[in-house]
Amino acid sequence: MSFAQFMEMAGYLLNIIGIVTCLAGLTLTRRPSRRTLGYLIAGLGFLIAASPLLAQLFGLVPPPAPVTTLPPG
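Since this is a predicted model, take the numbers as computed values, not measurements. (Residues numbered from 1 in each chain as written. Predicted model: local features only at pLDDT ≥ 70, side-chain atom pairs only at ≥ 80, totals over all residues. Heavy atoms only, no water.)

**Q** Just to check I follow, could you spell out helix α2 (residues 35-57) for this structure?
**A** What sets the pattern is the α-helix's 3.6 residues per turn: residues three or four places apart point alike. The end-to-end C-alpha distance of α2, which contains 23 residues, comes to 31 Å, matching closely the 33 Å that a straight helix rising 1.5 Å per residue would cover. Considering bend angle alone, the principal kink of α2 is centred on S51 and spans about 60°; proline P52 follows within four residues of it. Among all positions in α2, only G38, A42, G45, A49, A50, P52 and A55 are buried. Taken together, the buried residues of α2 touch α1 (3-28). Just past α2, the residue G59 takes up positive phi, approximately 85°. (Helix = DSSP H or I, 4+ residues; strand = E, 2+ residues; numbered from the N terminus. Expected span 1.5 Å × (residues − 1). Bend = angle between axes of the 7 residues up to and from the residue. Buried < 20%, exposed > 50% of the residue type's maximum accessible area, 1.4 Å probe, protein only. Contact = heavy atoms within 4.5 Å.)

If you want it as structure tokens, here you go:
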């Protein structure tokens, strides 16, 4: 399995994990003693969620091929 196929397959999973991590970090920022740690965790969650798109943006993974219809007959 190539890296492109892996990123295509794991894109949704990385988005969900990243969003949950980001929300956990933002929840930690409510406590003044944990504010810096919360911001770091939220930033890490954002990078996890955005990793499939960032991989395409930096040219590590080619963009997905457009879906075409089958020719008639």
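**Q** What is the right way to look at the environment of L40 in this model?
**A** Along the chain, L40 falls in helix α2. The spatial distance from the C-alpha of L40 to the C-alpha of G25 is 7.2 Å, given a sequence separation of 15 residues.

**Q** Honestly, a nonpolar patch on the surface in this entry has me stumped. Any pointers?
**A** A cluster of nonpolar side chains, namely M1, F3, F6, M9, L57, F58 and L60, defines an oily patch on the protein surface of about 870 Å² accessible area. The dominant element in the nonpolar patch, judged by the number of residues it contributes, is α1, at three residues. Among the secondary structure elements, F3 is positioned in helix α1. (Patch = residues over 30% accessible without salt bridge, like charges linked within 9 Å, V, L, I, M, F, W, Y side chains within 5 Å. Areas by Shrake-Rupley, 256 points an atom, 1.4 Å probe, with all protein chains shown as cover. Salt bridge = Lys/Arg side-chain N within 4 Å of Asp/Glu carboxyl O.)

**Q** What is the right way to read the side chain of T29 from this model?
**A** Secondary-structure assignment places T29 in the loop between α1 and α2. On the basis of relative accessible area, T29 is assigned to the buried category, the value being 12%. In contact with T29, other than residues within four places in its own chain, are R35, G38 and Y39.

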